[in-house]
Amino acid sequence: MEYGRIFNFSAGPAIMPVEVLEEVAAEVLNYRGSGMSVMEMSHRSKVFETIRNEAEADLRILMGIPDNYKVLFIQGGATLQFAMVPINLLQNGVADYIVTGAWSEKAYKEARKYGKINLLASGKASNYSAIPDVSDLPVSPDADYVYICENETIHGTTYSELPNTRGKILVSDQSSMFLSKPCNVADYGMIYAGVQKNVGPAGMVVAIIREDLIRKDLDPKTPVYLRYDTHAENDSMYNTPNSWAIYVCGKVFKYLLRNGGLAEMDKRNIEKAKILYDYLDESKLFHGTVAAKDRSLMNVPFVTGDAEKDAAAVKAMKEAGFENLKGHKSVGGLRASIYNAMPKEGVEALVDFLKKYEGV
Ligand SMILES: *Cc1c(COP(=O)(O)O)cnc(C)c1O
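First, a word on what this report is: a plain description of the structure on this page.

Reading the values: rules and limits
Residues numbered from 1 in each chain as written. Predicted model: local features only at pLDDT ≥ 70, side-chain atom pairs only at ≥ 80, totals over all residues. Heavy atoms only, no water. Salt bridge = Lys/Arg side-chain N within 4 Å of Asp/Glu carboxyl O. Buried < 20%, exposed > 50% of the residue type's maximum accessible area, 1.4 Å probe, protein only. Helix = DSSP H or I, 4+ residues; strand = E, 2+ residues; numbered from the N terminus. Pairing = 2+ DSSP bridges. Axes fitted to C-alpha atoms, helices over the stretch in contact; angles between N-to-C directions. Contact = heavy atoms within 4.5 Å. Parallel < 35°, antiparallel > 145°, perpendicular 65-115°, else oblique. Left-handed = near helix turned anticlockwise from the far one by under 90°. Nonpolar A, V, L, I, M, F, W, Y, C, P; charged D, E, K, R; others polar.

Considerations on the pattern of salt bridges
Okay, step 1: Counting across every chain of the model gives 28 salt bridges.
Okay, step 2: With a shortest N-O distance of 2.8 Å, D217 and R215 are connected by a salt bridge.
Okay, step 3: Its relative accessible area of 53% is what places D217 among the exposed residues.
Okay, step 4: Note that K267 and E264 form a salt bridge whose closest N and O atoms lie 3.7 Å from each other. Here K267 and its partner E264 are both found in helix α7 (residues 261-282), 3 residues apart, which amounts to about one turn of the helix.
Okay, step 5: What you see here is one network of salt bridges that share partners, running through E19, E23, E27, R32, K251 and R258.

This is the structure:
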């Protein structure tokens, strides 16, 4: 492959489009005649202001974000949002969480420090191999929000339908599926995503939040950085933002716009995932671990059923140039993350290899 790159199936930080990396490389010593890289320039400069504003404007077009939603660029990873969400959104002090895997479980545990947090539904009984029925849940009448992780990166599950929240606002962690398909932002009170999975480099979260949910009457001891109003009122520039991540993500937004947008990504992602799932459904050696209706198009866990065989397969794949296929340490087995930037050829090559490895 170009530049000696390999097919990288990492769950995150993860593969990015070569085109974007080439643009970044071309600009890294001298960004468009500024005489410096974006890493070296003041975040208050006109040049950077344009970069930031274009990144937000392009994301708004890509997702069709309504005007009454703010777009925030925040540091601290998705993990910080596990705390920022309850700190900022709890008013009655009550929220309902649906736990479908490792990431929503972490968010649930963190939120419990801040209020009465109900476990509205859980996939634990199925070892998180399926999304529970969320069509008719006993949502708490006084819940400030209902929380989901829309794509569980480790367990490989995704929602085929959003939960019925009975009019309560929905907060969604979209980290590992952000921009993988069209999204009706108005269905949510808030969406957030760590960008190092499906978009850009690590170190930043994009938060999209309805304006009326951004409150000013928080506990005055709330650290200024952890308040959404701080970021909203300062165009995410209250302090030095992750300027590098904003710049690179901005390039990915432009790349997505010129490649057909989110509808086209969805089409490609469905096609790519089908190649792998079809193989896993037929294979005598490997099988997927997730109920068919809840399978993620982004993260595909699979196993042989024997830990030693799994490890041997990971090793053989690595030797053949397929990197980062080891399942998360908490669940074992194998996992292929096939984000937007993974070309179809990468999935085809992986399946060809798996077939040969299996001897079919
Ligand atoms: C990776 C991940 C996180 C944690 O992200 P950090 O940026 O490492 O804090 C949270 N939620 C989901 C769904 C993830 O995939």
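What about the sheet that holds strand β8 (residues 170-173)?
Okay, step 1: Strand order in the open sheet made by the 7 strands is β2-β10-β9-β8-β5-β3-β4, with mixed pairing throughout. A strand with exactly one partner marks an edge of an open sheet, and here the two such strands are β2 (69-74) and β4 (116-122). Neighbour to neighbour, the strand axes of the sheet diverge by 20° on average, direction disregarded.
Okay, step 2: Two strands pair when backbone bridges link them, and strand β3 (residues 94-99) and strand β5 (residues 146-149) are joined in this way by 2 bridges, in the parallel orientation. Looking at β5, one finds that D96 is bridged to V146.
Okay, step 3: Strand contacts of helix α3 (residues 77-89): β2, β3, β5, β8, β9 (190-194) and β10 (205-210), with the helix running at about 160° to β9, the strand carrying the most contacts.
Okay, step 4: Sheet contacts for helix α4 (residues 102-111): β3, β4, β5 and β8; angle to β3, the most-contacted strand, approximately 160°.

A closer look at the pairing of β8
Sheet faces and side chains relate simply in a regular strand, where the side chains alternate between the two faces.
Okay, step 1: Residues of β8 alternate between two faces, with L170 and S172 on one and V171 and D173 on the opposite face, all of them buried.
Okay, step 2: Taken together, the 4 bridges between β5 and β8 define a ladder with parallel strand orientation. Looking across to β8, one finds that Y147 is bridged to V171.
Okay, step 3: Examined bridge by bridge, β8 and β9 share 3 bridges and lie parallel to one another. Considered in β9, the bridge of V171 is made with M190.

Regarding the packing of helix α2 (residues 46-63) against helix α6 (residues 243-258)
Okay, step 1: At a minimum axis distance of 9 Å, the contact between α2 and α6 shows a crossing angle of 40°. The angle between the axes of α2 and α6 places the two elements in the oblique class. For the crossing formed where α2 meets α6, the hand is left-handed. Side by side, α2 and α6 meet where F48, I51, R52, E54, A55, D58, L59, I61 and L62 of the first sit next to S243, I246, Y247, G250, F253, K254, L256 and L257 of the second.
Okay, step 2: Each residue belonging to the contact of α2 with α6 can be placed in one class, and the counts come to 11 nonpolar, 2 polar and 4 charged.

As for the packing of α7 against helix α9 (residues 344-358)
Okay, step 1: Contact geometry for α7 and α9: axes closest at 9 Å, N-to-C directions at 5°. The angle between α7 and α9 falls in the class roughly parallel. Across from E271, K272, I275, L276 and Y279 in α7, the residues of α9 making contact are K344, V347, E348, L350, V351, L354, K355 and E358.
Okay, step 2: Among the residues making up the contact of α7 with α9, the classes are represented as 7 nonpolar, no polar and 6 charged.

Function cannot be read off these values alone, since they describe shape.
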